[in-house]
Amino acid sequence: MSHQLPQLIHPRRHGDSRGWFTETYNRDSFADRGIDVVFVQDNHSLSKPIFTLRGLHFQAPPRAQDKLVRCVSGRIYDVAVDVRSGSPTFGHWVGAELSAENGDQLFVPVGFAHGFLTLEPNCEVVYKCSDTYAPGADGGIAWDSANIDWPLPPGAAPELSEKDRHQPTLSTFDSPFLYDGYPLEPIS
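Residues numbered from 1 in each chain as written. Predicted model: local features only at pLDDT ≥ 70, side-chain atom pairs only at ≥ 80, totals over all residues. Heavy atoms only, no water.

Taking an unreviewed UniProt entry as the reference, the protein is identified by name as dTDP-4-dehydrorhamnose 3,5-epimerase belonging to Qipengyuania pelagi. In the Sequence similarities (unreviewed entry) part of its UniProt record, the protein is described as follows: "Belongs to the dTDP-4-dehydrorhamnose 3,5-epimerase family." (UniProt positions renumbered as here; feature names shortened; annotations may be inferred.)

So this is what it looks like as structure tokens:
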């Protein structure tokens, strides 16, 4: 398998007076982009309050997951954080707004923690995973420990799950992922 870095994907929409059609996943066209992943599970979440923050999550090897994330209702700020031990960009992050309107997707490869912040109430997020959920491999880091520029209003605190309130900080985190020789690059 080739190296994997986060990628922002802009699926083409074909529209007319009735609306639009888009292909959100095609294994061959993704392989042409260097994303040669077999997805085996789809997840769908609803976050009711604005500024709900889910993350920063991952699954550890041998059950690590690549993810392909899209927002099908509302708007989110989606983030991938490099958590590969030994990486010169360890702790660096990339982020993008995903919305039902723009149709963009974020590919989050193994070795990156993933999270998102809702920018509207009632956001629905759908994502494909390259492995099924394994509770024993579930992990994460604290949402506020990677210096992410979350688009929160001044003084606002995000809505967090109990689990996300107690994640380890990036500085105390013992990563199960190894650096593969490819530093994180900006996405566009």
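A.B. asks: What exactly am I supposed to notice about the sheet that holds strand 1 (residues 7-9) here?
C.D. replies: Through backbone hydrogen bonds, the strands of a sheet pair up, either in parallel or in antiparallel fashion. In spatial order, the strands read 1-10-6-12-4; together these five strands make up an open sheet with antiparallel pairing. A strand with exactly one partner marks an edge of an open sheet, and here the two such strands are strand 1 and strand 4 (41-47). Averaged over all pairs of adjacent strands, the angle between their axes in this sheet comes to 25°, without regard to strand direction. Here strand 4 pairs with strand 12 (residues 123-129) via seven bridges, running antiparallel. Paired with Ser45 across the bridge in strand 12 is Val125. (Pairing = 2+ DSSP bridges. Helix = DSSP H or I, 4+ residues; strand = E, 2+ residues; numbered from the N terminus. Axes fitted to C-alpha atoms, helices over the stretch in contact; angles between N-to-C directions.)

A.B. asks: Looking at this structure, I do not really get the sheet that holds strand 13 (residues 138-140). What am I missing?
C.D. replies: The strand order across the open sheet formed by five strands is 9-7-11-5-13, and the pairing between neighbours is antiparallel. Edge positions in the sheet fall to strand 9 (93-99) and strand 13, since each of these pairs with one other strand and no more. The average undirected angle you get between the axes of adjacent strands in this sheet is 30°. As paired strands, strand 7 (residues 75-82) and strand 11 (residues 112-118) are joined by seven bridges and run antiparallel to one another. Opposite Val81, over in strand 11, you have Ala113 as the bridge partner.

A.B. asks: How do you make sense of the nonpolar core when you look at a structure like this?
C.D. replies: A general trend in soluble globular proteins is that nonpolar side chains are found buried together. Counting residues in hydrophobic clusters, the biggest one holds 22 residues, and the most contacted among them are Leu56, Val81, Val83, Ile141 and Trp150. Every element with two or more residues in this core is listed here: strand 5 (53-59), strand 7 and strand 11. In this structure Leu56 touches Val79, Val81, Ala113, His114, Gly115, Gly139, Gly140, Ile141, Ala142, Trp143, Ile148 and Trp150, once residues within four positions along its chain are discounted. Leu5, Ala80, Leu98 and Phe116 belong to the second largest nonpolar core, which has 19 residues in total. (Core = buried A, V, L, I, M, F, W, Y, C linked by side-chain atoms within 4.5 Å. Buried < 20%, exposed > 50% of the residue type's maximum accessible area, 1.4 Å probe, protein only. Contact = heavy atoms within 4.5 Å.)

A.B. asks: Teacher, can you tell me more about the packing of aromatic side chains here?
C.D. replies: Two measures describe an aromatic ring pair: the distance that separates the ring centres and the angle between the ring planes. Tallying each qualifying case throughout the model produces six aromatic pairs. On the basis of an interplanar angle of 80° and a centroid distance of 6.4 Å, the ring pair of Tyr77 and Trp150 is categorised as edge-to-face. Of this pair, Tyr77 sits in strand 7 while Trp150 sits in the loop between strand 13 and helix 2 (162-165), placing them 73 residues apart in sequence. A relative accessible area of 15% means that Tyr77 is categorised as buried. One aromatic cluster is present, built from ring pairs that chain together Tyr25, Phe30 and Phe39. (Phe/Tyr/Trp six-rings, centres within 6.5 Å; stacked < 30°, edge-to-face > 60°.)

A.B. asks: I tried to follow the side chain of Gln105 on my own but got confused; where do I start?
C.D. replies: You can see Gln105 is positioned in strand 10 (residues 105-108). From its side chain, Gln105 meets the backbone oxygen of Thr24 in a polar contact 3.1 Å long. Residues within four places of Gln105 in sequence aside, it is in contact with Gln7, Leu8, Ile9, Pro11, Thr24, Phe30, Leu68, Val69, Arg70 and Leu98. (Polar contact = N/O pair within 3.5 Å; in protein donor to acceptor, adjacent residues only side chain to side chain.)

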